[in-house]
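For reference, the chains in residue letters:
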Amino acid sequence: DQQVKQNSPSLSVQEGRISILNCDYTNSMFDYFLWYKKYPAEGPTFLISISSIKDKNEDGRFTVFLNKSAKHLSLHIVPSQPGDSAVYFCAASAQNYGGSQGNLIFGKGTKLSVKP
Amino acid sequence: DAGITQSPRHKVTETGTPVTLRCHQTENHRYMYWYRQDPGHGLRLIHYSYGVKDTDKGEVSDGYSVSRSKTEDFLLTLESATSSQTSVYFCAIGGTSFNEQFFGPGTRLTVL
């Protein structure tokens, strides 16, 4: 049973436009959420995170929105650039519950292609 | 970049042979993790360690064992490799108290 779902395997966006990547979760104990970016033949790199006490976190061109009631988060990239083309993974954990609950649960990823 | 290296980076082996993958960190971090990445599955946790000689199972631990005799090294062993263990393996460090996990470059393992 998938606890973290990224229902869009791929997304194609024009350079300069907004990219919106979506993620849904089922476990109400999740209290910390992260986005990772992965290029081919490299390890995932941390992009941005958000705690459940917030509904928005912004870092430059990247903004993550959290809707706890809908158990949904999204990553907005504005403006999108060709270098943003990568696979994006959403991850969640139940940090406040300690132990193995603090481990990250990853979605299957969304491949973003930004076309010039 | 976090100081995480993985060795080997690529390996081809035959079914039934033992394989050990190494993860080495220079960050002196307490927590270390092994994941595998497969198409259609994202990243799945195999085992993790919360200190020297302290390890626990993750979501997909069957067929794998780990050891951590030093803070800086976390070893993943496939006692008898199977074709279903063909995958890309990532080591990560960190992850406690709202800290993000940082990943190594990965090891591509092919079991023939």
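Residues numbered from 1 in each chain as written. Chains lettered and ligands numbered in written order. Predicted model: local features only at pLDDT ≥ 70, side-chain atom pairs only at ≥ 80, totals over all residues. Heavy atoms only, no water.

Engineer: In this structure, what is going on with the interface of chain B and chain A? I would like to understand it.
Structural biologist: Across the contact, 21 residues belong to chain B and 22 residues belong to chain A. Summing the contributions of chain B and of chain A, the shared interface buries around 1600 Å²; its carbon and sulfur component is 59%. Our count for the contact surface shared by chain B and chain A stands at zero salt bridges. Remark: the boundary between chain B and chain A carries three residue pairs in polar contact (both at pLDDT 80 or more). Those elements that provide at least two residues to the side of chain B that touches chain A are strand E4 (32–38), strand E5 (42–51) and strand E10 (101–103) of chain B. When its residues are assigned to classes, the side of chain B that touches chain A shows nine nonpolar, 10 polar and two charged. (Contact = heavy atoms within 4.5 Å. Buried area = accessible area lost by both parts, 1.4 Å probe. Salt bridge = Lys/Arg side-chain N within 4 Å of Asp/Glu carboxyl O. Polar contact = N/O pair within 3.5 Å; in protein donor to acceptor, adjacent residues only side chain to side chain. Helix = DSSP H or I, 4+ residues; strand = E, 2+ residues; numbered from the N terminus. Nonpolar A, V, L, I, M, F, W, Y, C, P; charged D, E, K, R; others polar.)

Engineer: Before we go on, may I ask you to explain unusual backbone geometry in this structure?
Structural biologist: With glycine set apart, most residues show a phi of negative sign, and most peptide bonds adopt trans. Across the junction of Val78 of chain A and Pro79 of chain A, the peptide omega takes the value -10°, indicating a cis bond. Assignment of secondary structure puts Pro79 of chain A in the loop between strand E8 (72–77) and strand E9 (86–93). Note that the residue after Ser7 of chain B, namely Pro8 of chain B, is joined by a cis bond; omega there is -10°. Of note, Pro8 of chain B is situated in the loop between strand E1 (4–7) and strand E2 (10–13). Positive phi is not limited to glycine here, since Lys71 of chain A has a value of about 50°. Relative to the assigned elements, Lys71 of chain A resides in the loop between strand E7 (62–67) and E8. Overall, Lys71 of chain A belongs to the partly exposed group, its relative accessible area being 26%. If you check the backbone angles, Asn28 of chain B has positive phi at about 60° while not being a glycine. Secondary-structure assignment places Asn28 of chain B in the loop between strand E3 (19–25) and E4. (Buried < 20%, exposed > 50% of the residue type's maximum accessible area, 1.4 Å probe, protein only.)

Engineer: Can you help me understand the packing of aromatic side chains in this one?
Structural biologist: Here a ring pair, both rings aromatic, is described through the centre-centre distance and the interplanar angle of the planes. Within the structure shown, the criterion is met by 14 aromatic pairs over all chains. Note on Tyr25 of chain A and Phe33 of chain A: the rings are 4.7 Å apart at their centroids and 40° apart in plane angle, and the pair reads as tilted. On the basis of relative accessibility, which here comes to 7%, the residue Tyr25 of chain A falls in the buried class. Since its relative accessible area comes to 1%, Phe33 of chain A is described here as buried. Geometrically, the ring pair formed by Tyr33 of chain B and Tyr48 of chain B is stacked, given 6.2 Å between the ring centres and 25° between the ring planes. Of this pair, Tyr33 of chain B sits in strand E4 while Tyr48 of chain B is found in strand E5, placing the two residues 15 residues apart along the sequence. The exposure class assigned to Tyr48 of chain B is buried, which follows from its relative accessible area of 4%. Three or more aromatic residues link up through ring pairs in this structure, and these residues are Tyr36, Phe46, Phe89 and Phe106 of chain A together with Tyr31, Tyr33, Tyr35, Tyr48, Tyr50 and Phe103 of chain B. (Phe/Tyr/Trp six-rings, centres within 6.5 Å; stacked < 30°, edge-to-face > 60°.)

Note that every value here comes from positions in space, so none of it alone points to a role or purpose.
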